[in-house]
Amino acid sequence: MRNNIRIYLVGAKTALASRMAYRADFFMSMLIMLLVEMAAPLITIMIYQNGATFPGWTMYEALLIQGVFLLGKGIAAPFFFGIVWNTIERVQNGTFDLLMIKPKSVLFMAIVTGFDAEDLGKLIGGTTLFTLALSRLPMPGLGEWLQFLLLFLLTLAVLFGYGLILAGLGIVWIGNFRVYQIFESITNFGLYPAAIFSKPLQTVITLVIPVAILGSVPATVLLGRPSAGTIGAVGVGLLFLLFSLGFWRWMLKKYTSVGG
Amino acid sequence: MGKRVTVGQKIGQWMRVLKATAFSTYKEWVAYRSQMAVTIFVGPVFFLTQIFIWRAVYAARTTLNGLTLEQMLTYYGIVAVIGYLTFDSADWDLQWLIRNGSFLTYMLRPVSYCFLAFAQKIGHRLLALWVELIPVYLLFIYLFKIDLVPAQPGWAILSLGLSFILVYLTNYCIGITAFWFTKTEGLRRAFLTLRDLSAGMLIPLTFFPKGMQKVLFYLPFQFITYVPTRVFIGHYELAGISLSIPQVVGLQFAATLVMFAVAQLLWYFGIKRFTGVGA
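Since the structure is predicted, the reported quantities are computational estimates derived from the model, not experimental observations.

Chemist: Report on the overall build of chain A, specifying residues and quantitative values.
Modeler: Along chain A, the regular secondary structure elements total 13 helices and 0 strands. Helices (α) and strands (β) of chain A occur, in sequence order from the N terminus, as α-α-α-α-α-α-α-α-α-α-α-α-α. Radius of gyration (C-alpha) of chain A: 19 Å, near the 18 Å computed for a compact globule of 260 residues. Taking the contacts inside chain A whose residues are at least 6 apart along the sequence as the reference set, 80% of them involve residues at least 24 apart.

Written out as structure tokens, the structure reads:
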């Protein structure tokens, strides 16, 4: 385990050093990553400032959902979601083979070499929004914090699952970076209170495709009014993680090297 | 004595280059049509989110900032369609060519890079027309029941055409900055974010505070999405200023000319900084 952490840190350090070759561009990219993620909160703020609301939700409650969602993405993006672009790029260029001959698992090496330093901006943005929204709401109790932390761990596990599925797709769907847009479009529902969607759609995003677990489910626990189907969402999240691991392995078997 | 080329012959030559470049780009991208077709899934799914957001917002009201729910959804439908029609990656393409040095080969060609890249955009978007735009347009009309018929078709087509050129010129200007900065990913993202926000792609510009709307009125970005969308709807208003459709399209035309001049100026200074090795 210690050895793995050391390897991961070396990968992160190398990625950071390589990105620092264009320092100004790196810092600007990081800042922009932060701003880009703020699009949905900005729309929410504008809706409320123009006198409209999401029925039953105050502005800061809605922002808390988005804060949780962006915090999850902010942790995933730099630390492990890089497997997506890393896999797609390597398969396209023919350098994916290099990961397969290393004395570590391909998945681990794809994570290590996929550290995305500029996405740390997303982490800063998510943390800021989460803290800001929470500071304007009644402070949750210890029990709520504990439940939230457990659910948030599952949020990260589900995001990891999405990363595995997208990276797996990248193995057979050569060079298609638009898988990111598929992910964004599906998970976009997680940025808003699940209650604003129709009942069938709420069921789909809670109990079929784990989307509500990315924002709405953990945030409502923190607000002291857990969403309907929270337990089911936990089960679906765990199943999704197992499915994504299986999917990754299945796609890996389908990988056909271009030689080199 | 050299043979004199008439203006008509010159235009004919340019049109042949445009047609050949657009056609070869079209053929090149046909190989990646499945990537483009992702839009048929992504576009409607994003739009579905908008439907639920705005239905919730309009649950207790009939209008918001002068727009009804139907008008709001139409706005987002048109914004999506304009996006598919005018999209290009001139900024990324040019900075990539400059960074890896292969831009040198374009300097040896008897056609300007600006024209060549524009012809490539035409070819690329022609493919997108039937792979992305028409399917999504039909889905919006028949699945989501969104009225996507322009109020004044002639003016709408003209405005969309100007938006098509304007998007290209603004992206091209960002690409030119690679002559100074080499890697422009950060600047590119910063610009695109500012552009999308100021162009009304995320939310109608009338949602911004009044003071901000006045600033946005004088920026060129509104002519990229907000103006063609309002021309499509048949009514223009921003910062309390209402303009007739011919007036606002006239302003859009002026903005396109200004952007062309800016691009030429940037190119004039930027090209002097280019140093290519090998080739």
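Chemist: How would you sum up the overall build of chain B? Please name residues and give values.
Modeler: Check the secondary structure of chain B and you find 13 helices and 4 strands. Here the C-alpha radius of gyration of chain B, 20 Å, is about what a compact globule of 279 residues would show, namely 19 Å. Overall size of chain B, expressed as C-alpha extent along the three principal axes, is 75 × 40 × 40 Å. For chain B, the residues scored as buried account for 39% of the 279 residues in total. In chain B, the proportion of contacts linking residues at least 24 apart, taken out of those at least 6 apart, comes to 78%.

Chemist: Give a detailed account of the interface of chain B and chain A, specifying residues and quantitative values.
Modeler: Taken together, the contact pairs 27 residues of chain B with 26 residues of chain A. Put simply, the parts of the chain that give the side of chain B that touches chain A at least two residues each are helix H3 (39-57) and helix H10 (185-198) of chain B. Considered class by class, the residues forming the side of chain B that touches chain A number 18 nonpolar, 5 polar and 4 charged.

Chemist: Requested: an account of the environment of phenylalanine 27 of chain A, with residues and values cited.
Modeler: Along the chain, phenylalanine 27 of chain A turns up in helix H2 (residues 23-36). For the pair formed by phenylalanine 27 of chain A and proline 193 of chain A, sequence separation is 166 residues and the distance between their alpha carbons is 33 Å.

Chemist: Outline the confidence of the model for chain B, listing residues and values.
Modeler: Residues and elements named next belong to chain B. On average, chain B scores 91 in pLDDT, and the residues at 70 or more come to 98%. Mean pLDDT across the secondary structure elements of chain B bottoms out at H10, with 82, and peaks at helix H13 (residues 245-270), with 96. Interface confidence for the predicted complex, expressed as ipTM, amounts to 0.88; the pTM equals 0.88.

Chemist: Give a description of helix H13 (residues 230-254) of chain A that names residues and reports values.
Modeler: All names here are of chain A. Between the first and last C-alpha of H13 there are 36 Å, a value that for 25 residues agrees with the 36 Å anticipated at 1.5 Å per step. Taken together, the buried positions of H13 are Ala233, Val236, Gly237, Phe240, Ser244 and Trp248. Buried-residue contacts for H13 involve helix H7 (106-112), helix H9 (142-172), helix H11 (199-208) and helix H12 (216-222).

Chemist: Please set out unusual backbone geometry residue by residue, giving values where relevant.
Modeler: Residue and element names in this part refer to chain B. The backbone of lysine 145 shows a phi angle near 55 degrees, a positive value even though the residue is not glycine. With respect to the element layout, lysine 145 can be found in the loop between helix H7 (113-142) and helix H8 (153-176). Under the C-beta neighbour-count criterion, lysine 145 is labelled exposed, with 9 such atoms within 10 Å. Of note, the phi angle at alanine 239 is positive, near 55 degrees, even though the residue is not glycine.

Chemist: Just give me the short version of the packing of helix H1 (residues 7-30) of chain B against H7 of chain B, but keep the residues and values in it.
Modeler: Residues and elements named next belong to chain B. Two elements in contact, H1 and H7, have axes separated by 7 Å at closest approach and are oriented at 50 degrees. Regarding the angle of H1 to H7, the classification is oblique. Every pair of crossing elements has a handedness; the one defined by H1 and H7 is right-handed. Contacts between H1 and H7 pair Val17, Leu18, Thr21, Ala22, Phe23, Thr25, Tyr26, Trp29 and Val30 from the former with Leu116, Ala119, Gln120, Ile122, Gly123, His124, Leu126 and Leu127 from the latter. Of the residues in the contact of H1 with H7, the class split is 12 nonpolar, 5 polar and no charged.

Chemist: Break down the nonpolar core for me, citing the residues and quoting the values.
Modeler: Core analysis: the largest hydrophobic core is formed by 138 residues, its most contacted members being Leu64 and Ile65 of chain A together with Leu166, Tyr172 and Val231 of chain B. When residues in this core are grouped by element, the largest group, 13 residues, is from H9 of chain A. When sequence neighbours within four positions are dropped, the list of residues in contact with isoleucine 65 of chain A reads Leu191, Tyr192, Pro193, Gly215, Ser216 and Ala219 of chain A.

Chemist: Give me the environment of glutamine 95 of chain B: which residues, what numbers.
Modeler: All names here are of chain B. Among the structural elements, glutamine 95 can be located in helix H5 (residues 90-100). A residue is classified by how many C-beta atoms lie within 10 Å of it, and glutamine 95, with 24 of them, is buried. Between the alpha carbons of glutamine 95 and phenylalanine 179 there is a distance of 7.9 Å; along the sequence they are 84 residues apart. With residues up to four places along the chain from it excluded, the contact list for glutamine 95 reads Gly175, Ala178 and Thr184.

Chemist: So what's going on with the environment of tyrosine 192 of chain A? Residues and values would help.
Modeler: For tyrosine 192 of chain A, the location among the structural elements is in the loop between helix H10 (179-187) and H11. Given 25 C-beta atoms within a 10 Å radius, tyrosine 192 of chain A is considered buried. Between the C-alpha atoms of tyrosine 192 of chain A and threonine 44 of chain A, which are 148 residues apart in sequence, the distance is 9.2 Å. When neighbours within four sequence positions are excluded, tyrosine 192 of chain A is seen to be in contact with Ile65 of chain A together with Ile53 of chain B.

The rules behind the values
Residues numbered from 1 in each chain as written. Chains lettered and ligands numbered in written order. Predicted model: local features only at pLDDT ≥ 70, side-chain atom pairs only at ≥ 80, totals over all residues. Helix = DSSP H or I, 4+ residues; strand = E, 2+ residues; numbered from the N terminus. Rg over C-alpha atoms; globule rule 2.2 N^0.38 Å. Contact = placed C-beta atoms within 7 Å. Buried ≥ 20, exposed ≤ 12 C-beta atoms within 10 Å, placed from the backbone. Nonpolar A, V, L, I, M, F, W, Y, C, P; charged D, E, K, R; others polar. pLDDT = per-residue confidence, 0-100. Expected span 1.5 Å × (residues − 1). Axes fitted to C-alpha atoms, helices over the stretch in contact; angles between N-to-C directions. Parallel < 35°, antiparallel > 145°, perpendicular 65-115°, else oblique. Left-handed = near helix turned anticlockwise from the far one by under 90°. Core = buried A, V, L, I, M, F, W, Y, C linked by C-beta atoms within 7 Å.

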